[in-house]
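A closer look at the structure
Chain residues, written in single-letter form:
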Amino acid sequence: NPLPGLAPVAMQQGRYVAGAIRAKIAGKNFEPFRYRDKGQMATIGRRRAVLQAGNLRFGGFFAWAAWLFVHIYYLI
């Protein structure tokens, strides 16, 4: 099935391919690739953002605060 052209998809595919190559070299079997959607976040202005994770969707300041926390977490 087609997947969205987003960085999280490419990152998961890269990890999968690396593991598949290691498994192939070791003569082991590996599971087919399965994308795990963790949701999406985007800033849309000063102290405003949108957030979507599963059925949860909201925007505004609280979405921006969540985006800021996740952004700093991954920077560290």
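Please refer to the structure higher up on the page.
These notes cover the structure that comes with them. (Residues numbered from 1 in each chain as written. Predicted model: local features only at pLDDT ≥ 70, side-chain atom pairs only at ≥ 80, totals over all residues. Heavy atoms only, no water.)

**Considerations on the pairing of strand β2 (residues 48-53)**
In regular strands, side chains alternate between the two faces of the sheet. What counts here: Being paired, for any two strands, means DSSP has found at least two bridges between them. Each helix is a run of DSSP H or I of at least 4 residues and each strand a run of E of at least 2, with the numbering of both proceeding from the N terminus.
Relative to β2, strand β1 (residues 40-45) is paired through five bridges, and the arrangement is antiparallel. Opposite Met41, over in β2, you have Leu51 as the bridge partner. Between β1 and β2, which pair antiparallel one after the other, the connecting turn spans two residues, and Arg47 there sits at a positive phi close to 55°. Where β2 folds back on strand β3 (residues 56-60), the antiparallel hairpin that results is connected by two residues, among which Gly54 adopts a positive phi of roughly 65°.

**Side note on unusual backbone geometry**
We note that Arg47 has phi near 55°; this positive angle belongs to a residue other than glycine. Counting through the fold element by element, Arg47 comes out in the loop between β1 and β2.

**Considerations on the sheet that holds β3**
Cut-off, in case you're wondering: Angular values range over 0 to 180 degrees, each being the angle between N-to-C directions of two axes fitted as lines to C-alpha atoms, with helices fitted over their stretch in contact. Contacts are residue-level and defined by heavy atoms, with any inter-residue pair within 4.5 Å sufficient.
The antiparallel open sheet is built from three strands, whose spatial order is β1-β2-β3. Only two strands of the sheet have a single neighbouring strand rather than two, namely β1 and β3. When the angles between neighbouring strand axes are averaged without regard to direction, this sheet yields 10°. Judged from the five bridges that link them, β2 and β3 form a sheet pairing that is antiparallel. Bridging across to β3, Gln52 finds its partner in Arg57. Contacts between helix α2 (residues 61-75) and the sheet are confined to β1, β2 and β3, with β3 contributing the most and set at about 100° to the helix.

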